[in-house]
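Spelled out from the first residue to the last, the chains are:
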Amino acid sequence: MYKTIVFADFDGTITTEDTIVGSIRLFSDPKEVEEYNGKLERGEMTLSQVVRYAFEGAPSSCLPKMLEYVDGVGIRPGFPEFLRKMQVISPYDDGNELMKKTDVMALYQYEHAIGIGDSFTDLKMAQAVDTIFARDLLARYLKKIQKPYRPYETFYDIIDAMEEMNLP
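In this text the structure is predicted, and so the values were computed from the model without any measurement.

What counts, and where the lines are drawn
- Residues numbered from 1 in each chain as written.
- Predicted model: local features only at pLDDT ≥ 70, side-chain atom pairs only at ≥ 80, totals over all residues.
- Heavy atoms only, no water.
- Core = buried A, V, L, I, M, F, W, Y, C linked by side-chain atoms within 4.5 Å.
- Buried < 20%, exposed > 50% of the residue type's maximum accessible area, 1.4 Å probe, protein only.
- Helix = DSSP H or I, 4+ residues; strand = E, 2+ residues; numbered from the N terminus.
- Contact = heavy atoms within 4.5 Å.
- Expected span 1.5 Å × (residues − 1).
- Polar contact = N/O pair within 3.5 Å; in protein donor to acceptor, adjacent residues only side chain to side chain.
- Phe/Tyr/Trp six-rings, centres within 6.5 Å; stacked < 30°, edge-to-face > 60°.
- Patch = residues over 30% accessible without salt bridge, like charges linked within 9 Å, V, L, I, M, F, W, Y side chains within 5 Å.
- Areas by Shrake-Rupley, 256 points an atom, 1.4 Å probe, with all protein chains shown as cover.
- Salt bridge = Lys/Arg side-chain N within 4 Å of Asp/Glu carboxyl O.

Engineer: I would appreciate a short explanation of the nonpolar core in the present structure.
Structural biologist: Across soluble globular proteins, nonpolar side chains have a tendency to be buried as a group. Ranked by size, the top nonpolar core spans 11 residues in total: Met105, Ala113, Leu123, Met125, Ala126, Val129, Ile132, Ala134, Leu138, Ala139 and Leu142. Among the secondary structure elements, those contributing two or more residues to this core are helix 7 (123-128), strand 2 (131-134) and helix 8 (136-144). When sequence neighbours within four positions are dropped, the list of residues in contact with Ala126 reads Ile132, Leu138, Leu142 and Lys147.

Structural data, given as structure tokens:
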């Protein structure tokens, strides 16, 4: 039992501005943004529906512009000091991984599990999936333990490999 627990939003709370709305504004018609914000406020659409609608229609060519924008958004003053006062807690922390991906995977039923990773935080997941796409440190580790993996640099590599494997 915790005496005090804090749940903090990230977008616009920890950051100095709402990065989801800011990102959407980079590629959407301002009138359309206002229209969907209105639908959200009136309860005609859920937040999930609005965000899905916005990002599913976003051209992939906008990604570098979005990343540049998000990188430029500041963290609210005092947040680093605030973090020094609280303990980070994850319901998927097993003492080894803060976000134990295999526990999250267990929440779903599937026939074929695919993992995509690049670092030591992906080691357990890599061993639990049917197919692992790996690069960087994860690829070196899997090679060392002789676990088969598919190398990738871009998501095009992954798309091509999945089509080759007849996976949706």
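Engineer: I'm lost on unusual backbone geometry in this one. Help?
Structural biologist: Trans peptide bonds make up the majority, and among non-glycine residues the majority have a negative phi. If you check the backbone angles, Asp136 has positive phi at about 55° while not being a glycine. Tracing the backbone shows Asp136 in helix 8. With relative accessibility at 42%, the residue Asp136 sits in the partly exposed group. The phi dihedral of Asn166 falls on the positive side, at around 60°, and the residue is not glycine. Relative to the elements of secondary structure, Asn166 occurs in the segment after helix 9 (155-164).

Engineer: Looking at this model, I keep getting lost on helix 2 (residues 30-41). Mind explaining?
Structural biologist: The α-helix advances 3.6 residues per turn, and as a result positions three or four apart in sequence lie on the same side. Between its first and last C-alpha atoms helix 2 spans 16 Å; for 12 residues at 1.5 Å apiece the expected length is 16 Å, and the two agree. Where helix 2 is concerned, the buried positions are Val33, Tyr36, Asn37 and Gly38. The elements touched by buried residues of helix 2 are helix 1 (19-27) and helix 3 (47-56). For helix 2, the capping residue at the N-terminal end is Asp29, with a side-chain oxygen 2.7 Å from the backbone nitrogen of Lys31. Backbone geometry just downstream of helix 2 places Gly43 in the positive-phi region, at approximately 80°.

Engineer: In this structure, what is going on with the packing of aromatic side chains? I would like to understand it.
Structural biologist: Taken as a whole and assessed by the stated rule, the structure comprises four aromatic pairs. Centroid distance Tyr36 to Tyr53: 4.6 Å. Interplanar angle 25°. Geometry classified as stacked. Highlighted residues: Tyr36 in helix 2 and Tyr53 in helix 3, separated in sequence by 17 residues. Given a relative accessible area of 14%, Tyr36 falls into the buried group.

Engineer: Whenever I open this one, a nonpolar patch on the surface confuses me. Can you help?
Structural biologist: Judged by side-chain polarity, Leu107, Tyr108 and Tyr110 come together as a nonpolar surface patch covering roughly 370 Å² of accessible area. Here Tyr108 lies in the loop between helix 6 (101-105) and strand 1 (114-117). Tyr108 sits in the exposed class, given a relative accessible area of 56%.

Any link to function would need more than the numbers given here.
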